[in-house]
Amino acid sequence: MRFRWPFLRTETKSLSSPTDEELLIFTGAVPSAGLISRTEAMTVPAIQRAIALISGSIASFDVLVEKLDGATWSRDTDHPTAKLLAGAPNDWQSTHELLRDLIATALTVDRGGIALANRVDGKVVELIRYEPTHTAVDYSTDGRLEPSFKINNSPISADDIVHLRGPFSRCPLSLALESATLLKALETQSRNLMRRGARPGGVISTQKSVGDTGAGKMLAGWRAAHEGPDAAGRTAILWDGATWSQLSLSAVDAQFIETWKFAILEVARHFGVPPQMLFDFDRATWSNAEQAGKEWLASLELWMRPLEASLRRALFSDEDRATYRIRFDRDDFTAVDLTARATAISSLISSRVLNPNEGRDWLGMPPRTGGEVFANPNTGSNQPGTAPPKSDDEDPTDDA
């Protein structure tokens, strides 16, 4: 049974950083007039996908605990922090789930995601992520912006906090609200168009005065005959001298799809996700797709580096921080592309950066005898076990 701090069981919630909905309830103020709420923005598919990609991709990497050995870092699987992260950081979550949710919170909440390193006798026994409504972050006003933390209104030492937030005072979701509002409006307009079926593509006019009753009957008859997806393309029948005048498409109608695609591209820019990863392949080519992939890895680094530093600060003691670090295994970047992975391993073995057994370890394969030798397999004279070339003074028949 793991120890939990009693004062963290209180149900008192903090309103020092209220959500848009809480601000509206308690003050009546609308923080972003004309914009949809963050909750509604999360229903936009492009935003859902961007958040899931960033948080899920980083959380899928192995979390390594490494020890400084001389001038090199080597993996240490025996350290208590390594065992905690390799198993379950708490009683109800895996490490993948905790990190995924922590990163997703940092992407969607301005004050970032917060997790508590619960210590017993100076040792971390569990890592717990708290929902944003239960946390508060305040910054000093002396220019240093030193943060102070509260969980359920109880002050918590910064040494026990894993805090991840964006590089600005606002998270990517807040910065993308304009684009999210536009996408939501386009989605609503498209839904209404498909549901009603009869867009105002023309005008029915008559020289006679039909009155309110006659106009209502005429409109009801027209809708019954032509409105709805099953009625599209029917021949229009007019009566009593009425005429039909078709309306031309406006610039807004003609640019509907283009506007939708532009809004998706803006979301991709806000989150640092290549458009093709949001299933927008209009401008994707072999060359720019490769470049976009590199930029995608660089955008993940913007979140991995501060998360590694925050985990190191919270999960290690002052003494351990000098010789231990936490690092995401970036080798997994090539796991989804076997050709790229094989090419990278082959090149590193040929240049003697890795030996064959280390390359096999990348693929999750056991070592083999003789695989610990650093040699270039592409040159026969450097093959493991190959006899060195004979000198000019040696008799070539000595081996006979």
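Small disclaimer: the values here were computed from a predicted structure and weren't measured. (Residues numbered from 1 in each chain as written. Predicted model: local features only at pLDDT ≥ 70, side-chain atom pairs only at ≥ 80, totals over all residues. Heavy atoms only, no water.)

1. Some points on the overall build of the chain
As a reminder, the rule being used: Counting from the N terminus, the helices are DSSP H or I runs at least four residues long and the strands are E runs at least two residues long. Buried, partly exposed and exposed residues are distinguished by accessible area as a fraction of the type maximum, computed with a 1.4 Å probe on protein chains only: under 20%, between the cut-offs, and over 50%, respectively. Throughout, a contact is declared for two residues whenever any of their heavy atoms are within 4.5 Å. Areas reported as accessible are Shrake-Rupley estimates using a 1.4 Å probe. Residue values count occlusion only from the protein chains shown.
Across its full length, the chain carries 14 helices and 11 strands. Relative to its 400 residues, the chain shows a buried fraction of 34%. The long-range fraction of contacts in the chain, counting pairs at least 24 apart against all pairs at least 6 apart in sequence, stands at 65%. Of the accessible surface of the chain, which amounts to about 23,900 Å², a share of 55% is contributed by carbon and sulfur atoms.

2. As for helix 5 (residues 95–108)
Quick reminder of the rule: Residue count minus one, scaled by 1.5 Å, sets the expected span of a helix.
Taking 1.5 Å per residue as the helical rise, helix 5 with its 14 residues ought to reach 20 Å, and the 20 Å between its terminal C-alpha atoms agrees with that figure. Buried residues dominate helix 5, accounting for 11 of its 14 residues. Listing the buried residues of helix 5 in full gives T95, L98, L99, D101, L102, I103, A104, T105, A106, L107 and T108.

3. Quick notes on the sheet that holds strand 6 (residues 147–151)
This is how the line gets drawn: Strand pairing is defined by DSSP finding a minimum of two bridges between the two strands. Between N-to-C directions, angles span 0 to 180 degrees; the directions come from axes that are lines fitted to C-alpha atoms, helices contributing only their stretch in contact.
In spatial order, the strands read 5-6-7; together these 3 strands make up an open sheet with antiparallel pairing. Of all strands in the sheet, those bounded by a partner on one side alone are strand 5 (135–139) and strand 7 (154–156). Across the sheet, the mean angle from the axis of one strand to that of its neighbour is 35°, orientation sign disregarded. Bridge count between strand 5 and strand 6: 5 bridges; the pairing is antiparallel. Its bridge partner being in strand 6, Y139 is matched across the sheet by P147.

4. A closer look at the side chain of S299
Note the cut-off: N or O atoms closer than or at 3.5 Å make up a polar contact, with two conditions inside protein: a donor-capable atom paired with an acceptor-capable one, and, for residues adjacent in sequence, both atoms drawn from side chains.
Inspection of the secondary structure assignment puts S299 in helix 11 (residues 286–315). Exposure remark for S299: the relative accessible area of 11% places this residue in the buried category. At a separation of 3.0 Å, a polar atom in the side chain of S299 contacts the main-chain carbonyl oxygen of G272.

5. What to know about the nonpolar core
Put simply, the rule reads: Buried Ala, Val, Leu, Ile, Met, Phe, Trp, Tyr and Cys residues form a nonpolar core when they are joined through side-chain atoms within 4.5 Å.
Ranked by size, the top nonpolar core spans 54 residues in total, and within it I47, I54, F271 and L307 carry the most contacts. Non-local contacts of L307, meaning those with residues more than four positions away in its chain, are made with L99, L102, I103, V162, L164 and F328. Counting residues in each nonpolar core, the second largest holds 9 residues, with Y130, I151, I156 and I161 among its members.

6. As for the pairing of strand 3 (residues 113–120)
Along any regular strand, the residues point their side chains to alternate faces of the sheet. Among the 8 residues that make up strand 3, 7 are buried, leaving the element largely enclosed by the rest of the structure. Relative to strand 8 (residues 161–164), strand 3 runs antiparallel, the two sharing 4 bridges. Following the sheet pairing, G113 is matched in strand 8 by L164. Summarising the sheet, strand 3 and strand 4 (residues 123–130) pair through 7 bridges and their orientation is antiparallel.

7. Quick word on the packing of helix 3 (residues 45–60) against helix 5
Rules: It is the rotation of the near helix from the far one that decides the hand of a crossing: anticlockwise by less than a right angle makes it left-handed, clockwise makes it right-handed. For this scheme, ten residues count as nonpolar: Ala, Val, Leu, Ile, Met, Phe, Trp, Tyr, Cys and Pro. Four count as charged, namely Asp, Glu, Lys and Arg, and the remainder, Gly too, count as polar.
Where helix 3 contacts helix 5, the axes come no closer than 8 Å and their chain directions differ by 145°. For helix 3 against helix 5, the interelement crossing comes out right-handed. Contacts between helix 3 and helix 5 involve I51, I54, S55, G56, I58, A59 and S60 on the former and, on the latter, H96, L99, R100, I103, A104, L107 and T108. Looking at side-chain class alone, the contact of helix 3 with helix 5 contains 8 nonpolar, 5 polar and 1 charged residues.

8. Considerations on the sheet that holds strand 11 (residues 324–328)
With antiparallel pairing, 3 strands are arranged side by side in an open sheet as 2-1-11. Each edge of the open sheet carries a strand with a single partner, namely strand 2 (72–75) and strand 11. Put simply, the sheet's adjacent strands are angled 40° from each other on average, direction ignored. Bridge analysis of strand 1 (residues 63–69) against strand 2 gives 4 bridges, and the strand direction is antiparallel. Each residue of the ladder has a partner; that of K67, found in strand 2, is S74.

9. A few points about the packing of helix 3 against helix 10 (residues 256–271)
Put simply, the test is: To sort the angles, those under 35 degrees are grouped as roughly parallel, those over 145 as roughly antiparallel, those from 65 to 115 as roughly perpendicular, and the leftovers as oblique.
Here helix 3 crosses helix 10 at 25°, and the two axes come no closer than 10 Å. Judged by the inter-axis angle, helix 3 sits roughly parallel to helix 10. Considering only the axes of helix 3 and helix 10, their crossing is right-handed. Residues A46, I47, A50, I51 and I54 of helix 3 pack against I264, V267 and F271 of helix 10. By residue class, the composition of the contact of helix 3 with helix 10 is 8 nonpolar, no polar and no charged.

10. Comments concerning the pattern of salt bridges
A side chain of one charge can pair with a side chain of the opposite charge when the charged atoms of the two come close. The test is simple: When a carboxyl oxygen of Asp or Glu is within 4 Å of a side-chain nitrogen of Lys or Arg, the pair counts as a salt bridge.
Summed over the entire model, instances satisfying the criterion amount to 14 salt bridges. E146 is paired through a salt bridge with R144; the nearest N and O atoms lie 3.1 Å apart. Classification of E146 as partly exposed rests on a relative accessible area of 44%. Among the ionic pairs, E187 bridges to K184, the shortest N-O distance being 3.3 Å. Residue E187 and its partner K184 are both found in helix 7 (residues 177–196); the two are separated by 3 residues, about one turn of the helix.

11. Description of the environment of G241
The residue G241 is located in the loop between helix 8 (211–226) and strand 10 (243–246) in this model. For G241, a relative accessible area of 58% corresponds to the exposed category. Expressed as a C-alpha distance, the spacing of G241 and Q207, which sit 34 residues apart in the sequence, is 7.3 Å. For G241, the contacting residues outside a window of four places in its chain are S205 and T206.

12. As for the confidence of the model for the chain
Here is the rule: The pLDDT score gives, residue by residue, the confidence of the prediction method on a 0 to 100 scale.
Mean pLDDT over the chain stands at 79; residues scoring 70 or higher make up 72%. Here residues 6–12 scores under 50 on pLDDT; set against residues more than four positions off or in separate chains, the count is 10 contacts.

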